[in-house]
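# Summary of structural features
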Amino acid sequence: MTECKTTHGVKKLGCPHLNRGLAFTKEERAANGLEGLLPAAVSTGDEQVARVKEMMNRFERPLDKFLVLDSLHATDENLYFKMLVEHTDECMPLVYTPTVGEVCQKFSHIYRYPRGLFVSLEQKGRVAELIANCPQKDVDVIVVTDGQRILGLGDLGANGMGIPVGKLSLYTACAGINPAKTLPVTIDVGTNNPENLADPLYIGLRRERATGADFDELVDEFITEARRRWPNVLIQFEDFGNHNAFALLERYRDKILCFNDDIQGTAAVALAGVYSAVRVSGRKFSEQRFLFLGAGEAATGIADLIVDALVDEGMPREEARKHCALFDSKGLVTANRTGLAANKQPYAHDLPDCTTFLEAVKAIRPTGIVGVAAQPKAFNEEVLAEMAAINERPIIFALSNPTSRAECDAETAYRATEGRALFASGSPFAPVDVCGRHFVPRQGNNSYVFPGLGLGAVFANARMMPTGMFLTAARELAALVSEEDLAQGSLYPSLSEVRHVSMKIGAAVAAYAYEHGLAGNERPSDIEAAVADFMYRPE
Ligand SMILES: NC(=O)C1=CN([C@@H]2O[C@H](COP(=O)(O)OP(=O)(O)OC[C@H]3O[C@@H](n4cnc5c(N)ncnc54)[C@H](OP(=O)(O)O)[C@@H]3O)[C@@H](O)[C@H]2O)C=CC1
Ligand SMILES: CC(=O)C(=O)O
Ligand SMILES: [Mg+2]
């Protein structure tokens with residue numbers, strides 16, 4: 001009897017979902033066989049948070065601060081999420097971009113705790129067994145990567161697992177998805193990264209990346225088996241290499257509850273930023289012209305949603321497409337180019353051939369430039385000055401991650417445009433004082449929308465996620481930007497409001513599902529109240 005009681009208590013201390021550490025009350029300790037296993041003091045949640053902050057403050061380097069949070073994640077999940085919720089500004093750059101980039105690069109060297117599911121090519125044909133090994137009874141959200149395009153850092157193989165883990169931390173911290181019902185997944189088909197292959201500590205499959213049928217069949221098997229065990233699960237594709245990202249979205253978007261965050265989530269956040277910029281500049285949305293540096297997942301995802309939004313306002317699609325131009329690794333995408341990938345073709349306009357981005361800016365005279373090519377400092381002083389010469393309020397979005405891959409930093413953007421830039425960045429930049437003004441730049445990062453999108457889809461038990469949901473999310477996010485935000489140069493709401501933002505996006509997306517016959521449950525009378533109530537809160 002005593003032994004059984006003790007086992008029960010130890011289990012609680014050893015289970016990150018159940019462990020409350022020093023916050024277990026005296027009564028809970030007595031009832032659960034925990035007496036003697038913890039020191040006498042009972043800490044309040046605030047005291048626990050103060051202790052963690054003190055530990056983090058002992059370290060200078062973001063990676064070390066991350067490791068403090070990561071050990072908490074593995075041992076006391078409630079406290080981990082309490083930290084993230086109450087100190088989002090401080091913790092998000094650690095569990096997410098930019099530090100998560102370094103976490104992934106060093107993942108094999110800092111690996112300590114098992115987390116998530118690794119589906120390796122060696123286990124093809126046996127994925128059902130792997131899924132049966134997962135302890136989660138219910139899973140609401142899976143974030144899955146193959147590690148081929150981790151942020152702007154390239155192929156990191158199985159080390160890319162840091163990304164699904166970080167994204168799912170945001171699902172819980174920002175949108176209240178129950179952490180016990182999340183599953184980070186890495187599809188490991190090898191890596192073409194020579195450093196990984198030569199690293200004796202590399203945790204992944206040590207072979208060249210598999211492609212074609214081997215890859216497709218493994219992903220299909222994973223999706224089939226995951227949905228067999230958890231039929232309502234939302235699957236978020238993340239940081240797949242360009243070709244597979246588009247192919248997987250095409251294959252699954254009309255069949256299952258899924259979306260590609262880099263293509264569709266990024267599109268929604270960028271469109272919301274554009275709506276904010278339009279409010280400041282006073283120049284109509286239909287008068288905007290965008291030039292993208294990059295023509296991949298993020299670029300054509302954003303361009304496609306801008307086109308959908310213009311069409312929704314009544315503009316013919318062919319005309320709307322002319323409002324977006326792409327510049328890729330070979331130069332400006334024009335009608336003269338041959339062999340263009342399908343996602344680029346709608347934007348191959350009759351334009352002069354340009355081999356530098358500056359030439360393209362001069363030729364197209366865009367109202368906005370959007371950097372999504374992971375080419376650091378590509379928005380140099382000349383490019384920015386040209387944008388400022390063409391526009392009273394140039395839109396400058398440097399969206400590549402992590403910070404080391406940003407097209408420009410906030411200070412450069414404001415200085416080179418005499419403080420006139422309408423700026424957003426993928427990774428965070430601190431506030432800057434330029435031209436006698438105090439600017440508070442905010443992140444044009446899909447993290448403002450994917451948690452709320454997922455929350456809405458899970459809440460309504462949606463069957464799929466059509467484009468209308470992404471337009472809805474963009475508009476809802478834009479509507480939450482206040483005049484005070486805009487006055488200080490912020491095109492997005494404060495991170496301190498992110499749970500409210502996610503609740504509003506979640507409610508709007510759920511409402512879309514109910515209105516379009518996509519929901520699997522009854523519409524509640526007050527969707528916002530019901531969504532807010534559904535959200536997990538660390539105690
Ligand atoms: N802020 C946010 O929320 C998000 C940011 N991103 C960031 O965007 C970046 C790109 O991601 P993604 O679109 O998914 O990646 P892709 O691999 O799909 O696309 C990269 C694009 O960059 C182009 N490119 C590469 N080198 C150059 C160059 N020298 N000049 C011009 N273009 C070049 C490629 O050209 P080509 O087609 O010729 O190969 C390709 O079109 C990453 O840094 C990522 O972190 C992505 C998603 C969300
Ligand atoms: C933010 C994000 O999803 C990316 O950079 O890939
Ligand atoms: Mg991504």
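Rules behind the numbers
Residues numbered from 1 in each chain as written. Chains lettered and ligands numbered in written order. Predicted model: local features only at pLDDT ≥ 70, side-chain atom pairs only at ≥ 80, totals over all residues. Heavy atoms only, no water. UniProt positions renumbered as here; feature names shortened; annotations may be inferred. Helix = DSSP H or I, 4+ residues; strand = E, 2+ residues; numbered from the N terminus. Rg over C-alpha atoms; globule rule 2.2 N^0.38 Å. Buried < 20%, exposed > 50% of the residue type's maximum accessible area, 1.4 Å probe, protein only. Contact = heavy atoms within 4.5 Å. Areas by Shrake-Rupley, 256 points an atom, 1.4 Å probe, with all protein chains shown as cover. Phe/Tyr/Trp six-rings, centres within 6.5 Å; stacked < 30°, edge-to-face > 60°. Donors = N, O, S within 2.8 Å, 3.2 Å for Na, K, Ca; no water. Pairing = 2+ DSSP bridges. Axes fitted to C-alpha atoms, helices over the stretch in contact; angles between N-to-C directions. Parallel < 35°, antiparallel > 145°, perpendicular 65-115°, else oblique. Nonpolar A, V, L, I, M, F, W, Y, C, P; charged D, E, K, R; others polar. 1 Å grid on protein atoms, 1.4 Å probe; cavity = no way out; pocket = protein on both sides within 12 Å on 5 of 7 lines; lining within 4 Å. Points joined across faces, edges and corners; volume = space filled by probe spheres on them. Domains from an automatic or database assignment. Near = heavy atom within 4 Å. Polar contact = N/O pair within 3.5 Å; in protein donor to acceptor, adjacent residues only side chain to side chain. Sits in = over half its atoms within 2 Å of the grid points.

As annotated in an unreviewed UniProt entry, the chain carries the name NAD-dependent malic enzyme and comes from Sutterella megalosphaeroides. For the record of the chain, the UniProt heading Sequence similarities (unreviewed entry) holds the text "Belongs to the malic enzymes family."

### Some details on the overall build of the chain
The secondary structure content of the chain amounts to 24 helices and 14 strands. The C-alpha radius of gyration of the chain comes to 23 Å, within 12% of the 24 Å expected for a compact globule of 539 residues. The dimensions of the chain, computed from C-alpha atoms along their principal axes, are 80 × 55 × 55 Å. Residues classed as buried in the chain amount to 59% of the 539 residues present. Taking all contacts inside the chain whose residues are at least 6 apart in sequence as the whole, residues at least 24 apart take part in 72%. Summed over all atoms, the accessible surface of the chain reaches about 21,700 Å², with 51% contributed by carbon and sulfur.

### Side note on the packing of aromatic side chains
Overall, the coordinates contain 16 aromatic pairs when judged by the stated rule. Their ring planes at 15° and their centres at 5.3 Å tell us that Tyr448 and Tyr492 sit as a pair that is stacked. Here Tyr448 is found in the loop between strand 14 (442–443) and helix 20 (450–459), whereas its partner Tyr492 is found in the loop between helix 22 (483–487) and helix 23 (498–515), with 44 residues between them in sequence. Neither Tyr448 nor Tyr492 differs from the other in exposure class; each is buried. Three or more aromatic residues joined by ring pairs make a cluster, and in this case those are Phe215, Phe237, Phe240 and Tyr252.

### Brief notes about the coordination of the magnesium ion (ligand 3)
With distances of 2.0 to 2.1 Å, the protein atoms coordinating the magnesium ion (ligand 3) are Glu238 (OE), Asp239 (OD) and Asp262 (OD). Counting residues between consecutive donors of the magnesium ion (ligand 3) along the chain gives the motif E-D-x22-D. With Asp239 in the loop between strand 4 (234–237) and helix 13 (242–252) and Asp262 in helix 14 (residues 261–281), the pair connects residues that are 23 residues apart, well separated along the chain. Pair check on accessibility: Asp239 and Asp262 agree, each one buried.

### A closer look at the environment of Val233
Mapped onto the elements of the fold, Val233 is located in the loop between helix 12 (212–229) and strand 4. It is 9.1 Å that separates the C-alpha atoms of Val233 and Ile256, two residues lying 23 residues apart in sequence. In contact with Val233, not counting residues within four places along its chain, are Val139, Asp140, Val141, Ile142, Ala226, Arg227 and Leu257.

### Concerning the pairing of strand 2 (residues 141–145)
Counting buried positions along strand 2 yields 5 of 5 residues, so the element is predominantly enclosed. Covered by surrounding structure in strand 2 are Val141, Val143 and Thr145 together with Ile142 and Val144, the residues of both alternating faces. As paired strands, strand 2 and strand 3 (residues 182–188) are joined by 5 bridges and run parallel to one another. Its bridge partner lying in strand 3, Val144 is registered against Val185.

### Observations regarding the packing of helix 4 (residues 62–75) against helix 5 (residues 77–86)
Between helix 4 and helix 5, the shortest axis-to-axis distance is 6 Å and the interhelical angle comes to 135°. Our classification of the angle between helix 4 and helix 5 gives oblique. Within the contact between the two elements, helix 4 uses Leu69, Leu72, His73 and Thr75 and helix 5 uses Glu77, Leu79, Tyr80, Phe81 and Met83. Here the residues of the contact of helix 4 with helix 5 sort into 6 nonpolar, 2 polar and 1 charged.

### Topic: the layout of surface pockets
In this approach the atoms are scanned with a rolling probe the size of a water molecule, which exposes any empty space left behind. Approximately 930 Å³ is the volume found for the largest pocket. When contributions to the lining of the largest pocket are tallied by element, the ones reaching two or more residues are helix 14, helix 15 (297–312) and strand 7 (324–328). For the lining of the largest pocket, the residue count by class is 13 nonpolar, 15 polar and 9 charged. Among the domains, domain 2 (55–256) and domain 3 (264–444) are the pair contributing at least three residues each to the lining of the largest pocket. Here the second largest pocket is characterised by a volume of approximately 600 Å³. When contributions to the lining of the second largest pocket are tallied by element, the ones reaching two or more residues are helix 4, helix 5, helix 9 (127–133), helix 10 (162–175) and strand 3. Residue composition of the lining of the second largest pocket, by class: 15 nonpolar, 8 polar and 2 charged.

### Details of unusual backbone geometry
Most of the time, phi is negative for any residue but glycine, and the peptide bond is trans. Geometrically, the link from Thr97 to Pro98 is a cis peptide bond, its omega value of 10° lying close to zero. The residue Pro98 is located in the loop between helix 6 (88–95) and helix 7 (99–105) in this model. Backbone torsion omega between Asn401 and Pro402 reads -10°, so that peptide bond is classified as cis. Here Pro402 shows up in the loop between strand 10 (395–398) and helix 19 (410–416).

### Some thoughts on the site of ligand 2
Taken together, the neighbourhood of ligand 2 is formed by Tyr96, Arg149, Leu151, Lys167, Glu238, Asp239, Asp261, Asp262, Asn401, Asn445 and Asn446. Within the side chain of Arg149, a nitrogen or oxygen atom sits 3.0 Å from an oxygen atom of ligand 2. Lys167 places a side-chain nitrogen or oxygen 3.0 Å from an oxygen atom of ligand 2. When isolated, ligand 2 has an accessible area of 220 Å², and the protein chains bury 91% of it. Applying the majority rule of atoms within 2 Å of the grid points places ligand 2 in the largest pocket. Looking at the shell around ligand 2 residue by residue, the class counts come to 2 nonpolar, 3 polar and 6 charged.

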